[in-house]
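One letter stands for each residue in the lines below.
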Amino acid sequence: MSKHPSMLRATALGALLAAAALSGPADARKPRPVELTETTVVTATHSSWVDVALYDDAVLAARPEHNPDVDVAGSGRLLGLTLRSLGTGFADTDELSVYRLPAFLGSRQLTEGTTDAGSSCSDGTPVGPTTVPVGGNCTYKEPKHIVLHEGLYRLSVLTDGSPVTFTLTLHGLDSGSRELTPTHALASTQQTLPKLDGAGTNLVTFGATAHLAKAEPAYLLAAAKGSANPTYYEESVCVRQDGGVPAPPLAFGPHCPNGVAGSYSYRLNPGPTSYGGMSVFSGSLLPGHEGDYAIGGSFGDSGGITLTNALGVWMEPTPA
């Protein structure tokens, strides 16, 4: 995906700031976005968001785990921070996401975002900085940095009922430390997803419903123990809204009968398999599906499967 040059980003931000400076008394009452600095410390006691500004391009190490430019502290099962650019098209959106997973997934800290990964092609085919070539004699280069171009951003934080702190080192911004707390609350909840029905020892399903009108399915995290050498295995995730009607048998099974969203995958002869990870739900569901959502899924293993833990996370989306 191509990126706007920094000059264009700077010009756009400059125009926005100039417009704010020339605005009338009514606009003057609107809070200006918080300027981030090289060391940015974000604290929150509940899920929330705030708009911020980068007055120069910023970079972080492109390391999914053990990232030296990110630290997460605080209690809770799933903790998260997202920084997403505003006023940019889909192909030009910059984003940083930081998660600390629950203890049953090793309390791992994960970092991802838009990077400076690039490609070169011997035939002169132009390839954007984050595009993987689909043909020809091209070489994909591993990213060195997560890149956040100058501009306005929306920062959101996910908590689990306890105070949290995220410390970011944003190389390229003004030196110094900035402490901020998001000011706009977001509804969220985290619930253990209990084991439900299945098919003997070869298939297990799990799921639960949240009663939060503003919140949508956001994350599903699960871990299971399979057999040593299965002929096949499968895994699925499922979002439902049954509206008080009894859910069908195996409602969270591989094909999510009458569900509003989901995914399914399987493999044959996979060899020793470790089950577990996080699914992220993004985008708005169809109108008419607001209200009580259920999140769940399934694991299947021809040699037998045992669910060890599952967690569902519902969170109100930030305003567009």
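Just above sits the structure.
In total, this model carries one disulfide according to the counting rule given. Two residues share a disulfide in this structure: Cys238 and Cys256, whose sulfurs sit 1.9 Å from each other. On the S-S bond that ties Cys238 to Cys256, the torsion sits near 55 degrees, and the link is right-handed. With a gap of 18 residues between them, Cys238 in strand β20 (residues 232-240) and Cys256 in the loop between β20 and β21 (261-268) connect regions that are remote in the sequence. Here the two residues Cys238 and Cys256 agree in accessibility, since each one is buried.

All right, on to the side chain of Asp94 then. Within the fold, Asp94 resides in the loop between β6 (79-85) and β7 (95-100). Side chain to side chain, Asp94 and His149 meet in a polar contact 2.8 Å long.

A word on the side chain of Arg154. When you line up the elements, Arg154 lands in strand β12 (residues 151-158). A relative accessible area of 13% places Arg154 in the buried class. A polar contact is formed between the side chain of Arg154 and the backbone oxygen of Pro319, at a distance of 2.5 Å. In contact with Arg154, not counting residues within four places along its chain, are Trp49, Val50, Asp51, Thr82, Leu83, Arg84, Leu86, Thr318, Pro319 and Ala320.

Parameters and conventions
Residues numbered from 1 in each chain as written. Predicted model: local features only at pLDDT ≥ 70, side-chain atom pairs only at ≥ 80, totals over all residues. Heavy atoms only, no water. Disulfide = S-S within 2.5 Å. Helix = DSSP H or I, 4+ residues; strand = E, 2+ residues; numbered from the N terminus. Buried < 20%, exposed > 50% of the residue type's maximum accessible area, 1.4 Å probe, protein only. Polar contact = N/O pair within 3.5 Å; in protein donor to acceptor, adjacent residues only side chain to side chain. Contact = heavy atoms within 4.5 Å.

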